[in-house]
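One letter stands for each residue in the lines below.
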Amino acid sequence: MNTNQELILTGDRTTGQLHLGHYVGSLRSRVELQETYKTYILLADVQALTTHYDQPELIANSVHQVTLDYLAVGIDPNKTTLFIQSMIPEIAELTVIFSMFVTVNTLRHNPTIKTEARDRGYTDLYYGFLGYPVSQAADIAFCKATLVPAGEDQIPHVETARKLVRRFNELYAPVFPEPRILTGERLGGLDGIGKMSKSMGNAISLNATPDDVKAKLTKAKTDPARIHRSDPGHPDICPVYAYHQLFRSIYADDIHASCSQGKIGCTDCKQLAGGAINELLEPFRERRNYYEQRENEVKEMLIEGTRQARNTAKETMLEVREAMGIRYFDV
Ligand code: SF4
């Protein structure tokens, strides 16, 4: 039962299936938080357009796949409102209103926007891409969310949301609460370079088969100093050791010692990490399989969640219009 008065808003861009990095960074805490908080999770298909506008089929398919990922990890539609962003036009309306209170330069200087633009090789920015934080502010505000569980890269966006709702409240009337971010852990990718990410190709999908997991780990980067089994290693710079710490934590100290003293080979070490990851993923596979057989049930869940979110959005937009003095008449 939801006993807490605070409301959580979180979600994911629907640009492909979710992976272990999403699980560690946010999904596992969502599963816990839904027990005590009213939780809204949005399938951010409009925000997916900011980088994948030329791949509508991928976005639509990902809405389905990400929904299955959520259900597989234990998001319970009886406790959480799951909804599709593009089906709530009031979010787009609120995005337009919020866009009046933020300058182009503020958005240009947003560190997450800057990093992503650089990584994607953008020399000029699309209006929608630059406006991503404004759209996210509207996602958070339409349901009056107070907590946003997300990765560290989302901190600047939530800060923008805080400024926008504060500005609205000062200008018109106190309609919106100021949201706070709850940051999750960051999981490194298999390449040992950056965080686990779909676009970097260094991720393990949540629906990976046991063989996929094994194959991915076989290719994972390790400490380059370890050429022979007896070479002393540096587990702290090895992504596989990070997986031991997260998914096999009670044995992590043993692995650290064995690696440092050259008493375990990387192949064996990877096998142990892979086994632990497969153990974690097994119940997800079973739940996913269950829901894959029940397409209509999943669709009904999404329709119901989207209906609930839409009703909330309509109520909020009436308040917004009242506050701004632009509720001329009802149509
Ligand atoms: S033994 Fe394990 S922790 Fe050490 S370098 Fe190899 S894979 Fe990494």
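The structure presented is a predicted model; accordingly, all values stated were derived computationally and were not measured.

1. Focus: the site of the ligand
Point 1. Lining the immediate environment of the ligand, one finds T222, D223, R226, C238, V240, Y241, C259, I264, C266 and C269.
Point 2. Elements with a minimum of two residues in the shell around the ligand: helix 11 (239-247) and helix 13 (266-292).
Point 3. Among the residues forming the shell around the ligand, the class breakdown is seven nonpolar, one polar and two charged.

2. Structural notes on the domain arrangement of the chain
Point 1. Under the domain assignment used here, the chain contains domain 1 (7-187 + 295-324) and domain 2 (210-288).
Point 2. The centre of domain 1, based on its C-alpha atoms, is set 34 Å off from the matching centre of domain 2.
Point 3. The partner domain 2 presents ten residues to the 14 residues of domain 1 that form the contact.
Point 4. At the boundary of domain 1 with domain 2, total buried surface from both sides reaches about 940 Å², with 68% on carbon and sulfur atoms.
Point 5. Ranking the residues of domain 1 by area buried against domain 2 places L20, A72 and L187 at the top, with a combined share of 48%.

3. Some thoughts on the nonpolar core
Point 1. Grouped together as the largest cluster of nonpolar side chains are 46 residues, with contacts concentrated most on L20, Y70, I204, L206, Y243, F247 and I277.
Point 2. Among the domains, domain 1 (7-187 + 295-324) and domain 2 (210-288) are the pair contributing at least three residues each to this core.

4. Here's the deal with empty space enclosed by the protein
Point 1. Tallied over the full model, the rule gives one cavity of 30 Å³ or more.
Point 2. A volume near 90 Å³ is recorded for the largest cavity.
Point 3. If you go around the largest cavity, the residues you meet are T222, D223, R226, P235, C238, V240, Y241, I255, C259, C266, C269 and K270.
Point 4. Listed by contribution, the elements that provide at least two residues to the lining of the largest cavity are helix 11, helix 12 (252-260) and helix 13.
Point 5. No other element matches the three residues that helix 13 contributes to the lining of the largest cavity.
Point 6. The residue inventory of the lining of the largest cavity, partitioned by class, reads eight nonpolar, one polar and three charged.

5. Some details on the layout of surface pockets
Point 1. Of the pockets and cavities examined, the largest pocket occupies roughly 1500 Å³.
Point 2. H22, E116, D153, Q154 and K195 are, among the 46 residues lining the largest pocket, the residues nearest its centre.
Point 3. Considering every element that reaches the lining of the largest pocket, the biggest residue donor is helix 6 (residues 111-120), with six residues.
Point 4. A breakdown of the residues in the lining of the largest pocket according to their chemical character gives 13 nonpolar, 20 polar and 13 charged.
Point 5. Estimated volume of the second largest pocket: approximately 500 Å³.
Point 6. Lining of the second largest pocket is provided by 24 residues; of these, T95, Y127, G128, G131 and S135 occupy positions nearest its centre.

Cut-offs and rules
Counting from 1, residues in each chain are numbered in the order their sequence is written. Totals for whole chains, interfaces and linings use all residues, but because this is a predicted model, local features are given only for residues with pLDDT of at least 70 and pairs of side-chain atoms are given and counted only at 80 or more. The side-chain values count all of the structure's non-hydrogen atoms but skip hydrogen atoms and water molecules. If a single non-hydrogen atom of a residue is within 4 Å of a molecule or strand, that residue counts as near it. Numbering goes from the N terminus for both helices and strands, where a helix is a DSSP run of H or I of at least four residues and a strand is a run of E of at least two. Here the term charged refers only to Asp, Glu, Lys and Arg, the term nonpolar to Ala, Val, Leu, Ile, Met, Phe, Trp, Tyr, Cys and Pro, and the term polar to all other amino acids, Gly among them. Boundary definitions for the domains trace back to an automatic or database domain assignment. Note on contacts: a residue pair is in contact if any heavy atoms of the two residues lie within 4.5 Å. Note on definitions: buried area is the accessible-area loss of two parts on being combined, 1.4 Å probe, summed for both. By convention a nonpolar core is built from buried Ala, Val, Leu, Ile, Met, Phe, Trp, Tyr and Cys residues, the set being connected through side-chain atoms within 4.5 Å. For every residue, the accessible area obtained with a 1.4 Å probe (protein chains only) is divided by the maximum for its type, and the residue is called buried under 20%, exposed over 50%, and partly exposed between those limits. Residues are called lining when one of their atoms sits within 4 Å of a cavity or pocket point, these points coming from a 1 Å grid over the protein atoms alone, where a cavity is a set in which a 1.4 Å probe fits but cannot get out and a pocket is an open set with protein on both sides within 12 Å along at least five of seven lines. Grid points are joined across faces, edges and corners, and a volume is the space filled by probe spheres set on the points.

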